[in-house]
Amino acid sequence: MTMNASAILFFSLAVLGTLPVSSKAARAFFVFGDSLVDNGNNNYLATTARADAPPYGIDSPTRRPTGRFSNGLNVPDIISENLGSEPLMPYLSPELRGEKLLVGANFASAGVGILNDTGIQFVNIIRIWNQLHYFQQYQQRLSSLIGPEQTQSLVNQGLVLITLGGNDFVNNYYLVPYSLRSRQFTLPDYVTYLMSEYKKILAGLYELGARRVLVTGTGPLGCVPAELALRSRTGQCDPELNRASNLFNPQLIQVLNELNGQIGSDVFVSVNVYTMHMDFISDPQAYGFVTSKVACCGQGPYNGIGLCTVLSNVCPNRNIYAFWDAFHPTERANRMLVSQFMAGTTKYMSPMNLSTILAMDSRT
Ligand SMILES: *[C@@H]1O[C@H](CO)[C@@H](O)[C@H](O)[C@H]1NC(C)=O
Ligand SMILES: *[C@@H]1O[C@H](CO)[C@@H](O)[C@H](O)[C@H]1NC(C)=O
């Protein structure tokens, strides 16, 4: 033992001194939800819901799979670009420690839904309540680095994104004919139930300190290549799954309005992904896509059957496809979505868009 107490104190101060918690640092960012926003947590879990094999990541800087369900970047990565910060690390990554914690963390896990029983076929995934538990654990870890007050202000000033709901339909209610949930609930009653559970999750985020939360609705679920392959003979979007989206999205906006009303502030911002997606589904050419029906990577009709693997067909130019695999957009489509997050009108972002939020919060 050669180190005395003052040396230890000196060294720990030196470590603290390297942590720049200035107001000029980009705001922290926290992500919750499913495969649309998972950037690699499932790589660390024993689950079949994973994107850690080629050709996933074919257009990423390393050209290697990262765990993102995309040919390259996903929505959180592009939001990070807009915040002027590094892409978030998956919370389960052992490299997420020290000052990297200041940037925030991504807690999302492919396969999860609002309900605990959604995605049970994927076995070992981070269900949403567990994601919230990890958020709490993250705050304890950060607190031991920068103290509880700095931690609280970093979290309060952070931006949060949550994407849930699609799997509660695709990987639960509609997973098999006569699913447990579809025998238990009519579709409208199921959506009501989802809303009551989602409201608790969002209130939980608020309790954990989230003060700016982007909440995405579902895209037009009946229009993804997987559903076209499974349910459509003519290539038209499946009306039943779109009915689910059309029940879910307006009720979600209502829940967000209720929560904002109770809090007395616009904490929750709704992101109308349905309309954003519908724009390039109804006129792909206007957005530079040759198709919005056929996935770039897959097999069978619309490349919508099964998984995207090294044996699949892969389109040579990912920039002209809206869908990368049977469910998930290409990086280019993700960029278009985020540009609407940033600058969209109230038709897309309500009550305000992300550039308005960033400008407003930087003034306070
Ligand atoms: C889901 O799981 C969480 C935590 O494990 C639990 O607190 C919650 O009550 C569960 N929800 C339902 C509807 O069972
Ligand atoms: C959204 O952002 C842009 C700036 O990029 C702004 O001009 C516009 O008014 C905003 N729209 C709404 C409805 O907030």
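Residues numbered from 1 in each chain as written. Chains lettered and ligands numbered in written order. Predicted model: local features only at pLDDT ≥ 70, side-chain atom pairs only at ≥ 80, totals over all residues.

## Overview of the overall build of the protein chain
Part 1 of the argument: Along the backbone of the protein chain there are 12 helices and eight strands.
Part 2 of the argument: Taking 2.2 N^0.38 as the reference for a compact globule, 364 residues should give roughly 21 Å; the C-alpha atoms of the protein chain span a radius of gyration of 21 Å, in line with that estimate.
Part 3 of the argument: With respect to the principal axes defined by its C-alpha atoms, the protein chain has extents near 75 × 45 × 40 Å.
Part 4 of the argument: Looking at the 364 residues of the protein chain, the share that counts as buried comes to 46%.
Part 5 of the argument: Of the contacts formed within the protein chain by residues at least 6 apart in sequence, a portion of 68% connects residues at least 24 apart. (Helix = DSSP H or I, 4+ residues; strand = E, 2+ residues; numbered from the N terminus. Rg over C-alpha atoms; globule rule 2.2 N^0.38 Å. Buried ≥ 20, exposed ≤ 12 C-beta atoms within 10 Å, placed from the backbone. Contact = placed C-beta atoms within 7 Å.)

## As for the nonpolar core
Part 1 of the argument: Among the nonpolar cores identified, the biggest contains 97 residues, and Val31, Val160, Val213 and Val215 are the most heavily contacted of them.
Part 2 of the argument: Ranked by the residues each element gives to this core, the list is headed by helix α7 (residues 187–207), at six residues.
Part 3 of the argument: Aside from chain neighbours lying at most four places away, what touches valine 215 is Ile162, Leu202, Leu252, Leu256, Phe268, Val269, Ser270 and Val271. (Core = buried A, V, L, I, M, F, W, Y, C linked by C-beta atoms within 7 Å.)

## Brief notes about the site of ligand 2
Part 1 of the argument: The local shell around ligand 2 consists of Ala343, Thr345, Thr346, Met352, Asn353, Ser355 and Thr356.
Part 2 of the argument: Here the shell around ligand 2 is built from residues that sort into two nonpolar, five polar and no charged. (Near = placed C-beta within 6 Å. Nonpolar A, V, L, I, M, F, W, Y, C, P; charged D, E, K, R; others polar.)

## Thoughts on helix α5 (residues 166–173)
Part 1 of the argument: In terms of burial, α5 is largely enclosed, as eight of its eight residues are buried.
Part 2 of the argument: For α5, the full list of buried residues reads Gly166, Asn167, Asp168, Phe169, Val170, Asn171, Asn172 and Tyr173.
Part 3 of the argument: Residues of α5 that are buried make contact with α6 (180–184), α7 and α9 (239–263).

## Examining the sheet that holds strand β2 (residues 104–106)
Part 1 of the argument: The strand order β2-β1-β3-β4-β5-β8 describes an open sheet built from six strands, whose pairing is mixed. The open sheet has two free edges, formed respectively by β2 and β8 (349–350), since each of these has just one partner strand.
Part 2 of the argument: Sheet analysis places strand β1 (residues 29–33) next to strand β3 (residues 159–163), joined by five bridges and oriented parallel. If you follow glycine 33 over to β3, its bridge partner there is threonine 163. (Pairing = 2+ DSSP bridges.)

## Regarding α7
Part 1 of the argument: Between the first and last C-alpha of α7 there are 30 Å, a value that for 21 residues agrees with the 30 Å anticipated at 1.5 Å per step.
Part 2 of the argument: Among the residues of α7, those classed as buried are Tyr190, Val191, Leu194, Tyr198, Leu202 and Leu205. The arc enclosing the buried residues of α7, seen along the axis, measures out at 100°, which places them on a common side. In α7, the exposed positions that point more than 90 degrees away from the buried face belong to Asp189, Ser196, Lys200 and Glu207.
Part 3 of the argument: Downstream of α7 by one or two residues, glycine 209 has phi in the positive range, about 110°. (Expected span 1.5 Å × (residues − 1). Arc of directions from axis to C-beta.)

## With respect to the pairing of strand β4 (residues 213–216)
Part 1 of the argument: Side-chain alternation along β4 places Val213 and Val215 on one buried face and Leu214 and Thr216 on a second face that is also buried.
Part 2 of the argument: Summarising the sheet, β4 and strand β5 (residues 268–271) pair through four bridges and their orientation is parallel. Looking at the pairing, leucine 214 lines up with valine 269 of β5.

## What to know about the confidence of the model for the protein chain
Part 1 of the argument: For the protein chain, per-residue confidence averages 93 on the pLDDT scale, and 93% of positions sit at 70 or higher.
Part 2 of the argument: This stretch, residues 1–23, has a pLDDT under 50; its non-local contacts, to residues over four places away or in other chains, come to 11 contacts. (pLDDT = per-residue confidence, 0-100.)

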